[in-house]
Amino acid sequence: MANSEVTFIMIKPDGVQRGLIGDIICRFEKKGFFLKAMKMVQVERSFAEKHYSDLSTKSFFGSLVEYIVSGPVVAMVWQGKGVVATGRKIIGATNPAASEPGTIRGDYCIEVSRNIIHGSDAVESAQKEIALWFPDGIIDWRSANHSWIYEN
Ligand code: GDP
Ligand code: MG
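A brief structural summary. (Residues numbered from 1 in each chain as written. Chains lettered and ligands numbered in written order. Predicted model: local features only at pLDDT ≥ 70, side-chain atom pairs only at ≥ 80, totals over all residues. Heavy atoms only, no water.)

The immediate surroundings of ligand 1 are formed by K12, Y52, L55, F60, L64, R88, T94, R105, V112, S113 and N115. Measuring from an oxygen atom of ligand 1, one finds a backbone N or O atom of V112 at 3.1 Å. N115 places a side-chain nitrogen or oxygen 2.8 Å from an oxygen atom of ligand 1. Among the cavities detected, the one that contains ligand 1 is the largest pocket. (Near = heavy atom within 4 Å. Polar contact = N/O pair within 3.5 Å; in protein donor to acceptor, adjacent residues only side chain to side chain. 1 Å grid on protein atoms, 1.4 Å probe; cavity = no way out; pocket = protein on both sides within 12 Å on 5 of 7 lines; lining within 4 Å. Sits in = over half its atoms within 2 Å of the grid points.)

A few words on the nonpolar core. Of all hydrophobic cores here, the largest spans 19 residues; its most connected members are F8, M10, I68, W133 and F134. Counting residues per element, the ones that place at least two in this core are β1 (6-11), α4 (61-69), β3 (73-79) and α7 (123-133). When residues no more than four places from it in sequence are discounted, the contact partners of F134 are F8, A37, M38, K39, A75, M76 and V77. Among the nonpolar cores identified, the runner-up in size contains 18 residues, and I11, F33, M76 and V83 belong to it. (Core = buried A, V, L, I, M, F, W, Y, C linked by side-chain atoms within 4.5 Å. Buried < 20%, exposed > 50% of the residue type's maximum accessible area, 1.4 Å probe, protein only. Helix = DSSP H or I, 4+ residues; strand = E, 2+ residues; numbered from the N terminus. Contact = heavy atoms within 4.5 Å.)

Spatially, the four strands line up as an open sheet ordered β2-β3-β1-β4, and their pairing is antiparallel. Looking at strand neighbours, the two that pair on one side only are β2 (34-41) and β4 (117-119), the edges of this open sheet. Across the sheet, the mean angle from the axis of one strand to that of its neighbour is 15 degrees, orientation sign disregarded. Here seven bridges tie β2 to β3, and the two strands are oriented antiparallel to one another. (Pairing = 2+ DSSP bridges. Axes fitted to C-alpha atoms, helices over the stretch in contact; angles between N-to-C directions.)

What follows covers the packing of aromatic side chains. Applying the stated criterion to the full structure yields four aromatic pairs. Three or more aromatic residues joined by ring pairs form one cluster here, namely F8, F47 and W133. Note that K39 overlies the ring of F134, its terminal NZ or CZ placed 4.8 Å from the centroid. (Phe/Tyr/Trp six-rings, centres within 6.5 Å; stacked < 30°, edge-to-face > 60°. Lys NZ or Arg CZ within 6 Å of the ring centre and 35° of its normal.)

So this is what it looks like as structure tokens:
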């Protein structure tokens, strides 16, 4: 069902350090998406390399991995109709210089190498990332607000 689409969102170490966890969660929550899983964790280098394996040939790969392991991150699963694409819109462009004001990156950061948040880029990559970050599965709960957000 379209309403059950899920995405993987991660607040990166700079977002955690800068006290932006609450604001970021608030934006997804107020939109009407449902939080299905969340944990704070500091990952190993090998785990970060796996998460970003598609970018392993990029010149910035080493510094990207350094950045992700530099402190705790907040890993989340959000659910809702179109949450992958809409989540990317809420986040803004990869380079904060190109992110519109009103987006998370547009409002809170400046450099591409310190862009505070990750969001899956497709339904398939979301499934892969959720399996990597939440190997024990996620709680299948349904919000009592469901029918106030969705007609069906
Ligand atoms: P995203 O899906 O918008 O996060 O962007 P990508 O998947 O293309 O890149 C993953 C992450 O790598 C980005 O969020 C940035 O933190 C980092 N990154 C991307 N491009 C660059 C770059 O040109 N230089 C550096 N230093 N980091 C980059
Ligand atoms: Mg990406």
